[in-house]
Amino acid sequence: MLEATGGALVVQELDLAAPGPGEVRVRLHASGVCHSDLNAIDGTAETRCPAVLGHEGAGVVEEVGPGVVEPAVGTHVVLSWLPACGRCEECRRDLSHLCTAAWVAMGTGGLMDGTSRLSRDGEPVYHYSFLSSFAQRAVVPAACCVTIPDDVPFDIAALVGCAIATGTGAVWRTAGVRPGDRVAVIGCGGVGMSALLGAVAVGADPIVAVDISSQKLDLALELGATHAVAWAGDAPQTAAVIVDVSGGGVDYAFEATGRPEAAVAAFESTRPRGAAVLIGIPRADAVLELPALSIPRMERRVLGSIYGSSRPERDFPALLELYRRGRLPLDRLIGMRLPLEAAQEGFDLLRSGTTQRVILETT
Ligand SMILES: [Zn+2]
Ligand SMILES: [Zn+2]
């Protein structure tokens, strides 16, 4: 639990109400430590506190609320942190990842009706992104549950629920990268490395990986990057190296850190008609300064990508099937497994930028 923004995570017993209409209770088994949770802790993106964090989880449904037909008790599920309403203008336009109702409800720290199922001594404790998966159990909207086969490991499944869908989706859905397209990925954490795997899977070439960590660059090369570039300290220098090694700039530069200077480097590393695809979440007050002339003159573009523009019910099972067939080495994204009690240590590791995804196990 995060008591207040800027504080440490503490492990506490909390009360969890029974699932209401359209909700289910999930026994969680694994939960990934994601940069968005860190943003909530640091205040980069403020969340309503006290809150139970975690939004990248998988487990088994153990109770369903009134009116819930699917999923049934005993179903293995990956949790999506964006339960689309299916009725708003964005949902009608087939943009369920931008569902207005879900984004409004998320901001309340409650479930879809704006109220919380978590409490301590009768006082509400808030949900994070509907899930609060750093826990043994969670009550979530049934619409957050995506059914998975019983033999999929929970830790791999958990990562599909955020980092992997976000990274691969940015490449496949937001950008629509085609074979032979030139790609750069700036920031090789869980999301960036997933974008890299997505680019490898569609036959992008070259694929330039950029990071500050030499361990992450080594892994990027093992996973199919054609070039590894150490962040050069500023945007122009880094972009110049990417332009050089890609033979004149990339078609798509994916930014997965949320840092404005990395977004500028992504933009400046694109060739004519190229696009910077911004995935990382910046501070709310961040502003980008871009060379404006090159936008019309070179037809350069900036594309935003949230949750990989994905549709969880369609994309999560497909990702897990590709993993099971050995065509997406998703297990390589896991750096370490820790017990729930070591959540704070997990975030220290994430901050250090030295390890791949940390999984908190809640079995
Ligand atoms: Zn996440
Ligand atoms: Zn909607």
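Higher on the page you've got the structure.
Here the structure is a predicted model, which means the values were calculated and not measured.

Asks: I'd like a description of the overall build of the chain, backed by residues and values.
Replies: Each helix and strand counted, the chain has 11 helices and 17 strands in total. For 363 residues, the compact-globule formula gives about 21 Å, and the C-alpha radius of gyration of the chain, at 20 Å, lands near that figure. Principal-axis analysis of the C-alpha atoms places the extent of the chain at approximately 60 × 40 × 40 Å. In the chain, which comprises 363 residues, the proportion classed as buried is 54%. When contacts within the chain are restricted to residue pairs at least 6 apart in sequence, those whose partners lie at least 24 apart make up 70%.

Asks: Give a description of the coordination of the zinc ion (ligand 2) that names residues and reports values.
Replies: Bound to the zinc ion (ligand 2) are the protein donor atoms C85 (SG), C88 (SG), C91 (SG) and C99 (SG), situated 2.3 to 2.4 Å from the metal. Here the zinc ion (ligand 2) binds 4 donor atoms, and the angle range of 102 to 118° at the metal identifies the geometry as tetrahedral. Counting the intervening residues between successive donors of the zinc ion (ligand 2) yields the motif C-x2-C-x2-C-x7-C. Residue C88 shares its accessibility class with C91, and that shared class is buried.

Asks: Help me get a handle on the sheet that holds strand β3 (residues 51-52), residues and values and all.
Replies: Spatial strand order, β1-β6-β7-β3: 4 strands in an open sheet with mixed pairing. The open sheet has two edge strands, β1 (15-16) and β3, and neither has a second partner. Pairing analysis gives 2 bridges linking β3 to strand β7 (residues 123-127), with the strands arranged parallel. Bridging from a neighbouring strand, V52 pairs with H127 of β7.

Asks: Go over the pattern of salt bridges, please, and point to the residues and values.
Replies: A side chain with one charge may pair with a side chain of the opposite charge, provided their charged atoms come close. By the definition in use, this model includes 25 salt bridges. The closest approach of N and O atoms between E56 and R357, which form a salt bridge, is 2.8 Å. Remark: R357 occurs in strand β17 (residues 357-361) and E56 occurs in the loop between β3 and β4 (57-64); sequence separation between them is 301 residues. Residue E56 is classed as buried on the basis of its relative accessible area, which comes to 0%. According to the relative accessible area criterion, R357 is buried, its value standing at 6%. Of the charged contacts in the structure, one is a salt bridge between R311 and D94, with a shortest N-O distance of 2.3 Å. Here the residue R311 occupies a position in the loop between β15 (301-304) and α10 (312-324), and D94 occupies one in the loop between α2 (89-92) and α3 (100-108), the gap between them amounting to 217 residues. Here R311 falls in the partly exposed class, since its relative accessible area comes to 26%. Taken together, the shared-partner salt bridges in this structure form one network comprising R25, E62, E63 and R137.

Asks: Outline the coordination of the zinc ion (ligand 1), supporting the account with residue identities and numerical values.
Replies: Every protein donor of the zinc ion (ligand 1) is accounted for by C34 (SG), H55 (NE2) and C162 (SG), and the metal-donor separations fall at 2.0 to 2.2 Å. Here the donor residues of the zinc ion (ligand 1) share one chain and are spaced in sequence as C-x20-H-x106-C. Of this pair, C34 sits in the loop between β2 (23-32) and α1 (35-42) while H55 sits in the loop between β3 and β4, placing them 21 residues apart in sequence. H55 matches C34 in its accessibility class, with the two residues each being buried.

Asks: How would you summarise helix α11 (residues 343-352) if you had to cite specific residues and measurements?
Replies: All of the buried residues along α11 are A343, G346, F347 and L349. Projection of α11 onto a plane perpendicular to its axis shows the buried side chains occupying an angular sector of 155°, all on one side. Looking at the packing, one finds that the buried side of α11 touches α1, β16 (334-339) and β17. Once α11 finishes, G353 follows within two positions and takes phi at roughly 70°, a positive value.

Asks: Would you mind going over the state of the cysteines in detail, with residue names and values included?
Replies: Taken as a whole, this structure holds 0 disulfides when the rule is applied. We note that C188 lacks a disulfide partner, and the nearest cysteine sulfur, in C34, lies 15 Å from it.

Asks: Give me the pairing of β7: which residues, what numbers.
Replies: Where strand β6 (residues 118-120) and β7 come together, 3 bridges link them in antiparallel fashion. Bridge assignment links S119 to a residue of β7, and that residue is P124. In textbook terms, the turn of a hairpin is the stretch between consecutive antiparallel strands, and for β6 and β7 this stretch comprises 2 residues, one of which, D121, has a positive phi near 50°.

Asks: Please provide a residue-by-residue account of the packing of α1 against α11, values included.
Replies: For any two helices packed against each other, the geometry comes down to the angle between their axes and how far apart the axes lie. Put simply, α1 and α11 touch, their axes get as near as 11 Å, and they point 100° apart. Here α1 lies roughly perpendicular to α11, going by the angle between them. Note on element contacts: α11 touches α1 through F347, L350 and R351, opposite H35, D37, L38, I41 and D42.

Each value, and the rule that gives it
- Residues numbered from 1 in each chain as written.
- Chains lettered and ligands numbered in written order.
- Predicted model: local features only at pLDDT ≥ 70, side-chain atom pairs only at ≥ 80, totals over all residues.
- Heavy atoms only, no water.
- Helix = DSSP H or I, 4+ residues; strand = E, 2+ residues; numbered from the N terminus.
- Rg over C-alpha atoms; globule rule 2.2 N^0.38 Å.
- Buried < 20%, exposed > 50% of the residue type's maximum accessible area, 1.4 Å probe, protein only.
- Contact = heavy atoms within 4.5 Å.
- Donors = N, O, S within 2.8 Å, 3.2 Å for Na, K, Ca; no water.
- Tetrahedral: all angles 85-135°; square planar, octahedral: opposite > 155°, others 65-115°.
- Pairing = 2+ DSSP bridges.
- Salt bridge = Lys/Arg side-chain N within 4 Å of Asp/Glu carboxyl O.
- Arc of directions from axis to C-beta.
- Disulfide = S-S within 2.5 Å.
- Axes fitted to C-alpha atoms, helices over the stretch in contact; angles between N-to-C directions.
- Parallel < 35°, antiparallel > 145°, perpendicular 65-115°, else oblique.

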